[in-house]
Amino acid sequence: MKGRHLIALSISAATLLAGSLVSHAQNNKKKKPVPKALTWRVQQLHQDNNEGIAVGDIDGDGKLDITSGEYWYQNPEWKQRKVRTILPFGADYMQNNSEHLYDMDADGDLDIVAGAFTTPIVNWYENPGKDYDAVDSWAVHQLADTGTKNNEATFLIDIDGDGTPEWLENQWNQKNPTLIWRLQKGDNDQMIMKSHLVAEGLNGHGLGVGDIDGDGRLDFAFMKGWLQQPADGPYSGPWKYYDDFTLPHASCPILILDVDGDGDHDLIWGDGHNYGLYWEEQTTTNDDGSRNWKQHLIDKKFSQAHTMTWEDIDNDGAPELITGKRYYGHSGRDMGAEDPNTIHYYDLVPDTLTWKKSEIATAPAGTGPGTGLQIRVADLDENGWKDIIVPGKSGTHIIWNDGWNR
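Described below are features of the structure shown in this document. These numbers were taken from a predicted model, which means no experiment stands behind them.

Parameters and conventions
Residues numbered from 1 in each chain as written. Predicted model: local features only at pLDDT ≥ 70, side-chain atom pairs only at ≥ 80, totals over all residues. Heavy atoms only, no water. 1 Å grid on protein atoms, 1.4 Å probe; cavity = no way out; pocket = protein on both sides within 12 Å on 5 of 7 lines; lining within 4 Å. Points joined across faces, edges and corners; volume = space filled by probe spheres on them. Helix = DSSP H or I, 4+ residues; strand = E, 2+ residues; numbered from the N terminus. Nonpolar A, V, L, I, M, F, W, Y, C, P; charged D, E, K, R; others polar. Pairing = 2+ DSSP bridges. Axes fitted to C-alpha atoms, helices over the stretch in contact; angles between N-to-C directions. Buried < 20%, exposed > 50% of the residue type's maximum accessible area, 1.4 Å probe, protein only. Contact = heavy atoms within 4.5 Å.

**Here's the deal with empty space enclosed by the protein**
Counted under the stated rule, the structure contains 2 cavities of 30 Å³ or more. When its volume is computed, the largest cavity comes out at roughly 70 Å³. If you trace the largest cavity, you find it lined by Leu 168, Glu 169, Asn 170, Thr 178, Leu 179, Leu 202, Asn 203, Leu 207, Phe 220, Phe 222 and Leu 227. Contributions of two or more residues to the lining of the largest cavity are made by β13 (166-171), β14 (178-185) and β17 (219-222). In terms of residue count, β13 provides more of the lining of the largest cavity than any other element does, 3 residues in total. Residues that form the lining of the largest cavity fall into these classes: 7 nonpolar, 3 polar and 1 charged. Estimates place the volume of the second largest cavity at around 60 Å³. Lining the second largest cavity we find Thr 146, Thr 148, Glu 169, Gln 171, Pro 177, Thr 178, Leu 179, Trp 181 and Asn 203. The set of elements that each furnish at least two residues to the lining of the second largest cavity consists of β13 and β14.

**A closer look at the sheet that holds strand β30 (residues 396-405)**
On the basis of which strands lie adjacent, the open sheet formed by 4 strands has the order β1-β30-β29-β28 and antiparallel pairing. Single-partner strands in this sheet number two, and they are β1 (37-46) and β28 (376-378). The average undirected angle you get between the axes of adjacent strands in this sheet is 20°. Relative to β30, strand β29 (residues 387-390) runs antiparallel, the two being bridged by 3 bridges. In the strand pairing of β30, Ile 389 is matched with Ile 398.

**Description of the side chain of Asn 151**
Inspection of the secondary structure assignment puts Asn 151 in strand β12 (residues 151-157). For Asn 151, a relative accessible area of 0% puts it in the buried group. When residues no more than four places from it in sequence are discounted, the contact partners of Asn 151 are Asn 97, Ala 116, Phe 117, Thr 119, Glu 169, Asn 170, Gln 171 and Trp 172.

**As for the layout of surface pockets**
In this structure, the largest pocket occupies an estimated 700 Å³ of space. For the largest pocket, the lining is made up of 30 residues, of which Phe 155, Ile 157, Pro 253, Thr 309 and Arg 376 are closest to its centre. Contributing elements (two or more residues each) for the lining of the largest pocket: β2 (54-56), β8 (98-102), β12, β16 (207-210), β20 (255-257), β24 (308-311) and β28. The element best represented in the lining of the largest pocket is β12, accounting for 5 residues.

**So, the sheet that holds β13**
If you trace the 4 strands from one edge of the open sheet to the other, you get β12-β13-β14-β15, paired in antiparallel fashion. Two strands bound the open sheet, and with one partner strand each, they are β12 and β15 (191-199). Within this sheet the neighbouring strands show an average axis-to-axis angle of 25°, counted without direction. As defined by bridge partners, β13 adjoins β14 across 2 bridges and the pair is classed as antiparallel. Within β14, the position partnered with Glu 166 by the bridge is Arg 182.

Encoded structure:
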C-alpha cells in the first residue's frame, strides 16, 4: 500500500512538474503580434442604376457632401435632395457615366458637371445656394454638343496648368477623335466649351492622364497606345501617337505613376469587362521616342475592374490601389458578372514589387457596393481616416473607414 501510494505521489508530482514547465514555457513564449486590419462599415444611400458620383461641400457648411445621379446627400444626416432627372436607357442604364464638382459661375459654390453615355450634350447644373428643397431648383445649362454618342467616361482635369480644368471624354468607338474641351465664357457670360483636336481617329476604351515621357507635360494613355503632348503646349497642334501597347477594355482611369521607383512612369490598369488587373513597367526608350513595356499581373481573381484610384487610406504615408468589381457593366454579359460584388485595396511592397490585397467589402452579386464608373475617397466624418464612396447598379454606398483594429 505504501509503495503504491508513493508511486502515485511520484506520478502526481511528475505531472504537476510537467504541467508547471509547460505553463512556464507558454508564459515565456514570445506572443505573435495580431495582424492589423482596417475596419469598414457599409451604408447604402440609395438604390438605382446611376454610375457617377462626386464629393464636395455643396451647402457651404464646411462639411463634405455627396452628389450621385439624381440626388445630393447632405452631411451628416445624408438627407436626400433632388438635383435633376436622368433618363434611363437599355436594359439597366441611366444616362450618367460620371460627374464632377466645379464652380462654373464663379459665385462661390460648387456646381455639377455631368457626362452621359449615348447623348452628345454636356450639361452643368447650377447650385441654387439656398432653398435646396425647392422643386427644380438646380437650373440646367448646356456647355456643348460634342457630336459624339459613345462616351465611356469623362474627366475634368487641368491639362494646361492655368488653374481651369478641361473636359475630356473617353470613347469606346476607336474611330472617334480624341478632343480637349476648354471651358470659357460665351455670350451673356455663360460658360461654354470649345474643342481642340488632339488626334483624329484615335480613341478607345480607357483613358489615363500623366507624364509618360518625363518632359513635365501631361500625356494621354488609352487602350491602344499613348499620345504625347507637343513641346509648345497642348493646343499647339496634333499630339504624336505611339503604338506601344494594347490594353483591352482598359479602365477609366488608367493610372500613370512610378510603380517601381526607377524615375519613369508606369501604368496600372484593369480589364473593365473581364478578369485581370495589371501594371505595365516602362523599361527602355527607342530612338523614335516610343517606349518598351513589360506587363505584370496584379490580380486575376475578380472581374470588371473598370475604375480605380490611388489614395492613402491606411494612413501609412503611401497610397494604396483601390478598385473592385463594376456590377453589370454590360448588363450581365461580361465574364464574372454573377461573381460577388467586391471592393478591395492593394498595398505595394516596394522591395519585392508585389501587391498585398485586403478586402474592404464583399457581398453577393448586386447586393452590396460595386464600383460603378467612379470611386471617390474623402474623410466624410473627419475622424482622420478616409472613407470610400461609390455609385453603381447595386446602389450608392458610403464605406466608412473606422481605422485599425487588432
